[in-house]
Amino acid sequence: MAKARVIAFYLPQFHPIPENDAWWGPGFTEWTNVAKMKPLYPGHRQPKLPADLGFYDLRLPEARAAQAKLARSCGVEGFCYWHYWFGHGRRILERPFEEVLQSGEPDLPFCLAWANETWTGVWHGSPQSVLIHQEYPGAEDEAAHFAWALRAFRDPRYMRVDGKPIFVVYAPQNMPAPEAFIAHWRQLAERAGLPGLYFVAVTCGYAENIKPYDNPIHDAFDAITPLVPQDYTTPFGQRSRINLRRRWRERDFGGKLRRLTERYGRPSRFDYADLVARVLADMPRSERFLPAVLPNWDNTPRSGRRGVVIENATPELFERYLEKALAIVEGRPPERAIIFLKAWNEWAEGNYVEPDSVHGRRYLDAIRRVIGVRETAPERTAAEAPAPA
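Residues numbered from 1 in each chain as written. Predicted model: local features only at pLDDT ≥ 70, side-chain atom pairs only at ≥ 80, totals over all residues. Heavy atoms only, no water.

1. Some thoughts on the packing of helix α11 (residues 315-329) against helix α12 (residues 362-371)
To characterise two packed helices, one gives the angle between the axes of the helices and the distance between these axes. At their nearest, the axes of α11 and α12 sit 9 Å apart, and the two run at 30 degrees to each other. Classed by the angle they form, the pair α11 and α12 counts as roughly parallel. The chirality of how α11 crosses α12 is right-handed. Residues Pro315, Glu316, Phe318, Glu319, Leu322, Glu323 and Leu326 of α11 form the contact with α12, whose own contacting residues are Arg362, Tyr363, Ala366, Ile367, Arg369 and Val370. Residue composition of the contact of α11 with α12, grouped by class: eight nonpolar, no polar and five charged. (Axes fitted to C-alpha atoms, helices over the stretch in contact; angles between N-to-C directions. Helix = DSSP H or I, 4+ residues; strand = E, 2+ residues; numbered from the N terminus. Parallel < 35°, antiparallel > 145°, perpendicular 65-115°, else oblique. Left-handed = near helix turned anticlockwise from the far one by under 90°. Contact = heavy atoms within 4.5 Å. Nonpolar A, V, L, I, M, F, W, Y, C, P; charged D, E, K, R; others polar.)

This is the structure in structure tokens:
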């Protein structure tokens, strides 16, 4: 039996859609920016290329089945599909999940995360250009949204806590009234014969003078999980700004100014070992707080020189990170021992555990060792063999 429920966020972006064709050119998918990426500074490891699964197309059931097989092999319980509902019933990137729902395949547990955020041109370095506005039209639209989601909630594969379907909200702070939305959906769930809903908020409090785990905007939610890597990079940036202000007052710039000058025009860079040493230390130990782990991060394929690179990530360091998360949930009732993995396949953010051309399946092996499941993947060659535990 697995020691915890690892739920991996899953990006359904890897197939052409009319909107992306219009915005970025025919055939655009996440792979377009991943494959054409080049290093932006000495030592920058780009491009990051897939291995076992290749440049898959999520319109193909075979691709989805292969992903599910890998997930099972390492102890990932299921996928948390990013779901887009922009208001007035407008959806996007819906095809992969719709086909999973309609076909009954793959037979892998799942839940939904509402990515309630306005879409911008961030993929092409134009974050100020708005592509689709996230809107909140009111109760009628909420009811339509729930009616769509109910099909998923009733699926036997849907992941639950105490019988209640898990539903994640990415940006509670963007909602005009999250408490009213949750109360409305709870009422609709009761009418539909569900025992309730288990709402999870992604923390939004990574700004000065806001406590991420003690924010009233999360009060109506059943659980809270960190927004990674912002839980590390944003406070780090605040410390840097405070330090720079102090140096300005003291007229003591020293190497700080030189480092800022040297980094001008380059992505912000952090060290993964430092991240692993610092993360989760401030997370309360209540069952309401669910840790999230980040395997790696480099969103320069999307954001270019405005991006953030967390350097020197390795499967071994990720294993330590996951062990810290496991220590937080150990002793909880099995259904509530949840660890979110961000993410399974967010390739243009350098944020994935799917096999790549450098590490192969070693991230999956790390999950398997920490979570305590036996390997069920096909035999591998010596070159693919996992690193010693």
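2. A few points about unusual backbone geometry
For the peptide bond that leads from glutamate 105 to proline 106, omega is 0 degrees, which places it in the cis range. Phi is positive for leucine 93, which is not a glycine, with a value near 55 degrees. Looking at where leucine 93 falls in the secondary structure, it is placed in the loop between β2 (76-83) and α4 (95-103). With a relative accessible area of 3%, leucine 93 lands in the buried category. In this structure, leucine 280 is a non-glycine residue whose phi angle is positive, near 70 degrees. (Buried < 20%, exposed > 50% of the residue type's maximum accessible area, 1.4 Å probe, protein only.)

3. Describing the pattern of salt bridges
Counted under the stated rule, the structure contains 21 salt bridges. One salt bridge connects aspartate 365 with arginine 368, and the closest N-O pair in it is separated by 3.2 Å. On the criterion of helical spacing, the pair formed by aspartate 365 and arginine 368 is a turn pair, its members being three residues apart in helix α12. In terms of burial, aspartate 365 and arginine 368 fall into one category: buried. It is possible to trace a salt-bridge network through shared partners that takes in Glu30, Arg302, Lys342, Glu346 and Glu349. (Salt bridge = Lys/Arg side-chain N within 4 Å of Asp/Glu carboxyl O.)

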